[in-house]
Amino acid sequence: MPEPKLPGGPTQDEIMAVSLAKLGLRTGDTVLEIGCGTGKVSVAMAKQAKKVYALDRRPEAILVAAETARQAGVSNIEFSCTDAGDFLNKDQAFDCAFLGGSKNLADVLPILARKVKRTIVINAVMVSTLERAVATLKGLGIFTEVVQVQVSRSYDIAGSIMFRPIDPVYIIVARGAACS
């Protein structure tokens, strides 16, 4: 079955692999995903973690993500069509958080710094998002690193192969005193 189409598209497998490695999920973890889109990352996290809370503001994304989880046979994901700021008003802590999108990054990160015990990973494609995330995380004293990942895929051409690049992604990692 072809992957669902949503603006922004699903996270590329290679980007997801690096992001999940940086997240460092453990079997008993409770994980928050902000901007779950197609649900591809939610499903991958659910296979490793105890519970995943997946948020997206777009009702169509939640429908697609829930169907992705259903088809994968994963049942430990709770999907919510809500704004991250509203969801984070609840009195709940998380072991890790993954952000695939958030328009209110500067407002959400200080809350996550208090609610996330171990690791926050943010995927960004725009330099302005990268700058805002790094500045906010540094201000909170939890910035660890940025890894820029550039993937190219092969395709056939004139009896040989050539590589077509996919847009680079910045993987921003936060851990430390506030996230430990």
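Residues numbered from 1 in each chain as written. Predicted model: local features only at pLDDT ≥ 70, side-chain atom pairs only at ≥ 80, totals over all residues. Heavy atoms only, no water.

Trainee: Before we go on, may I ask you to explain the packing of aromatic side chains in this structure?
Mentor: Within a pair of aromatic rings, the relevant descriptors are the distance that separates the centres and the angle that separates the planes. Taken as a whole and judged by the stated rule, the model has three aromatic pairs. Seen from their ring centres, Tyr53 and Phe87 are 6.0 Å apart, and the 45° between their planes marks the pair as tilted. A residue pair is termed long-range when its members are at least 10 positions apart, and Tyr53 in strand β2 (residues 51-56) and Phe87 in helix α4 (residues 84-87) qualify at 34 residues. Residue Phe87 is classed as buried on the basis of its relative accessible area of 4%. A ring pair is formed by Tyr53 and Phe94, whose centres lie 5.9 Å apart and whose planes are at 75°; its orientation type is edge-to-face. Remark: Phe94 occurs in strand β4 (residues 94-99) and Tyr53 occurs in strand β2; sequence separation between them is 41 residues. Accessibility assignment for this pair places Tyr53 and Phe94 in one class, buried. Taken together, the ring pairs connect Tyr53, Phe87 and Phe94 into an aromatic cluster. Here the guanidinium or amino end of Lys51 rests over the ring plane of Tyr53, the centre of that ring lying 5.4 Å away. The lysine or arginine in question, Arg164, covers the ring of Tyr155, its NZ or CZ lying 3.8 Å from the ring centre. (Phe/Tyr/Trp six-rings, centres within 6.5 Å; stacked < 30°, edge-to-face > 60°. Helix = DSSP H or I, 4+ residues; strand = E, 2+ residues; numbered from the N terminus. Buried < 20%, exposed > 50% of the residue type's maximum accessible area, 1.4 Å probe, protein only. Lys NZ or Arg CZ within 6 Å of the ring centre and 35° of its normal.)

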